Amino acid sequence: MRGKDFVREMDALAQPVAKMAAESAGELLSNLNDDEAFRLLAQFWYIEGPTIGHYSRSWWNSIPSDPTGKYGDVELLLARQLYDESRHGKLYADACVRKGYIQDSRELYGHPYSKPVPAWLNFTTWLIHLGNHHFTTLYAGEQLASEGLIFPQVLKATVKALQDPVVKWVFEAQEDEEAFHGMCGKYVVTKYCQTPELQAEAAWAVETTLRLEAEAFADLGKFVKDGITVPRPAPPDYSNGATRTRRMPRVLDQSR
Amino acid sequence: MSKKVLAITELCIDCGLCRETCPFDAAISAFTKKHHYEIIAQRCEWCGGLGKAPCHVFCPVDGAIVPALYEETV
């Protein structure tokens, strides 16, 4: 399949999730009080502020080093994107300062509102993890699925729903750059994701991103509105751990 | 009553060094769609002015940080 057709296929896959996420963002974010707005900004700060170093360290590993400049375009795009992401993290922190929620942006590091809710943390670590794969998988999962297919619609609905000018400004000021990141995803996947093997892995990344991002937005919405997270089934009971066999250390095969 | 403050001009290249060095967190993202920084006048403590204030000392662009007067209303 051509890269272009693959992007079209992924676009069709993402549309229902994007529509649902945008609708729920529109409903949730109208009439936010100060406490709710602070929770929203603090959680978004987490995903772009303190994690920027993790993204950088991980994502650069996905691009093979090539002295002939074969992947120079991807490197330049990623450098610019990481700069943008760091800037967005600062926007959230500065909005909290401007609103008077905190006095100093460093306060966010220890604030309970900026501790990620479970699905939000899950989604963040997934984005970091994507750097362990080939860069077409990274660009399909992060830039294409998340920033290209879902986030623009969510961002548009968010800007429309928010009333507080400062909170609205934070999201509005990112629109062009998020569109750029989405286009990077489309460009890189179209150009480099051409083989069935790469496309299979990229499709897995897109599907996982869609699932995790939908869960993340559900958790985030619940936390912003009610200060709690979505209840999940209890973890398996391991209290009877004595019956589990102890794992033996690995030994070298002596027969060879 | 007016007080001396520092202000950021259009020459700002958005490097963010003023934000990191300001001891009073007065330099923050400007309230515009264009990504620049601004100094919140109420928070600015002058810090000795040009050549001494960390924001000016570390600013890489000549003329991006200038002195200004702020009229306090209280």
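Up top is the structure these notes are about.
Sequence order sets the numbering: in each chain, residues are counted from 1 along the sequence as written. Key to labels: chains lettered from A, ligands numbered from 1, both in the order written. For this predicted model, a pLDDT threshold of at least 70 governs which residues receive local features, and a threshold of 80 or more governs which side-chain atom pairs are given and counted, while totals over whole chains, interfaces and linings are taken from all residues. Only hydrogens and water are removed before side-chain values are computed, so all heavy atoms of the structure are retained for them.

A.B. asks: Help me understand the overall build of chain B in this model?
C.D. replies: Helix numbering and strand numbering both begin at the N terminus, where a helix is a DSSP run of H or I of at least 4 residues and a strand a DSSP run of E of at least 2. Per the secondary structure count, chain B includes two helices and four strands. When its helices and strands are written in sequence order, chain B yields β-α-β-β-α-β. What you see for chain B is a C-alpha radius of gyration of 11 Å, in line with the 11 Å of a compact globule of 74 residues. In terms of overall dimensions, chain B has C-alpha extents of about 30 × 30 × 20 Å along its principal axes. Looking at chain B residue by residue over its 74 residues, the buried ones come to 41%. The long-range fraction of contacts in chain B, counting pairs at least 24 apart against all pairs at least 6 apart in sequence, stands at 61%. A residue counts as positive if it is Lys or Arg and as negative if it is Asp or Glu; His and the chain ends are not included. For this purpose, a charge sits on NZ of Lys, CZ of Arg, CG of Asp or CD of Glu. Charge-centre separation for chain B: the mean point of 7 positive side chains lies 1 Å from the mean point of 9 negative side chains. We take the radius of gyration over the C-alpha atoms and set the globule estimate at 2.2 Å times the residue count to the 0.38 power. Residue burial is assigned from relative accessible area. The probe radius is 1.4 Å, only protein chains are included, and a residue is buried under 20% of its type maximum, exposed over 50%, and partly exposed in between. Should any heavy atoms of two residues lie within 4.5 Å, those residues are counted as being in contact.

A.B. asks: How do you make sense of the overall build of chain A when you look at a structure like this?
C.D. replies: Within chain A, the regular secondary structure consists of nine helices and zero strands. Helices and strands appear in chain A in the N-to-C order α-α-α-α-α-α-α-α-α. Overall, chain A is about 70 × 55 × 35 Å in size when its C-alpha atoms are taken along their principal axes. Out of the 256 residues belonging to chain A, those deemed buried represent 50%.

A.B. asks: Any chance you could explain the packing of helix H1 (residues 3–28) of chain A against helix H6 (residues 135–161) of chain A here in plain terms?
C.D. replies: A pair of packed helices can be characterised by two numbers: the angle between their axes and the separation between those axes. Residues and elements named next belong to chain A. Every axis in this analysis is a line fitted to C-alpha atoms, fitted for helices over the stretch in contact. Angles between the N-to-C directions lie between 0 and 180 degrees. Two elements in contact, H1 and H6, have axes whose closest approach is 8 Å; the angle formed by their N-to-C orientations is 25 degrees. By the criterion of interaxial angle, the relationship of H1 to H6 is roughly parallel. When the axes of H1 and H6 are compared, the crossing they make is right-handed. Side by side, H1 and H6 meet where Val7, Met10, Asp11, Ala14, Gln15, Val17, Ala18, Lys19, Ala21, Ala22, Ala25 and Gly26 of the first sit next to Leu144, Leu149, Ile150, Gln153, Val154, Ala157, Thr158 and Ala161 of the second. Roughly parallel means an angle under 35 degrees; roughly antiparallel, over 145; roughly perpendicular, 65 to 115; everything else is oblique. When the near helix sits turned anticlockwise from the far one by under a right angle, the crossing is termed left-handed; a clockwise turn instead gives a right-handed crossing.

A.B. asks: Sorry if this is basic, but what is going on with the layout of surface pockets here?
C.D. replies: Where empty space is left becomes clear once a probe the size of a water molecule has been rolled over the atoms. The computed volume of the largest pocket comes to approximately 210 Å³. What lines the largest pocket is a set of 14 residues, among which Trp45, Lys90 and Tyr109 of chain A together with Arg19 and Glu20 of chain B lie closest to the centre. For the lining of the largest pocket, the secondary structure elements donating two or more residues are helix H2 (34–48) and helix H4 (72–99) of chain A together with helix H1 (17–21) of chain B. Element by element, the count of residues in the lining of the largest pocket is highest for H4 of chain A, at four residues. Any residue that is not Ala, Val, Leu, Ile, Met, Phe, Trp, Tyr, Cys, Pro, Asp, Glu, Lys or Arg is counted as polar, Gly included; the first ten are nonpolar and the last four charged. Looking at the lining of the largest pocket, its residues break down into five nonpolar, four polar and five charged. The set of elements that each furnish at least two residues to the lining of the second largest pocket consists of H6 and helix H8 (175–192) of chain A. Here the element with the most residues in the lining of the second largest pocket is H8 of chain A; it accounts for six residues. Its residues assigned to classes, the lining of the second largest pocket shows four nonpolar, two polar and five charged. The way it works is a 1 Å grid over only the protein atoms, where trapped points that fit a 1.4 Å probe form a cavity and open points with protein on both sides within 12 Å along at least five of seven lines form a pocket, and then any residue with an atom within 4 Å of a point lines it. Grid points are joined across faces, edges and corners, and a volume is the space filled by probe spheres set on the points.

A.B. asks: What is the right way to read the state of the cysteines from this model?
C.D. replies: Every disulfide links exactly two cysteines, by a covalent bond between their sulfur atoms. Residues and elements named next belong to chain B. Sulfur atoms of two cysteines make up a disulfide when they are within 2.5 Å. One pass over the structure, following the stated rule, counts zero disulfides over all chains. The closest cysteine sulfur to the non-disulfide-bonded Cys15 is located on Cys59, 6.2 Å from its own sulfur. For the unlinked cysteine Cys44, the closest cysteine sulfur is that of Cys47, found at 6.3 Å.

A.B. asks: Sorry if this is basic, but what is going on with the packing of H6 of chain A against helix H7 (residues 165–172) of chain A here?
C.D. replies: Residues and elements named next belong to chain A. Between H6 and H7, the shortest axis-to-axis distance is 9 Å and the interhelical angle comes to 160 degrees. Comparing their axes, H7 and H6 come out roughly antiparallel. As for how H6 packs across H7, the hand of that crossing is left-handed. Only Lys168, Phe171 and Glu172 of H7 make contact with H6, whose side of the interface consists of Leu155, Thr158, Val159 and Lys160.

A.B. asks: What should I look at first to understand the environment of Cys193 of chain A in this one?
C.D. replies: All names here are of chain A. Mapped onto the fold, Cys193 is located in the loop between H8 and helix H9 (196–226). Judged by relative accessible area, which is 0%, Cys193 ranks as buried. Between the C-alpha atom of Cys193 and that of Asn61, which follows or precedes it by 132 residues, the distance is 17 Å. Among residues more than four places away in sequence, those in contact with Cys193 are Gly3, Phe6, Thr136, Val188, Leu198, Gln199 and Ala202.

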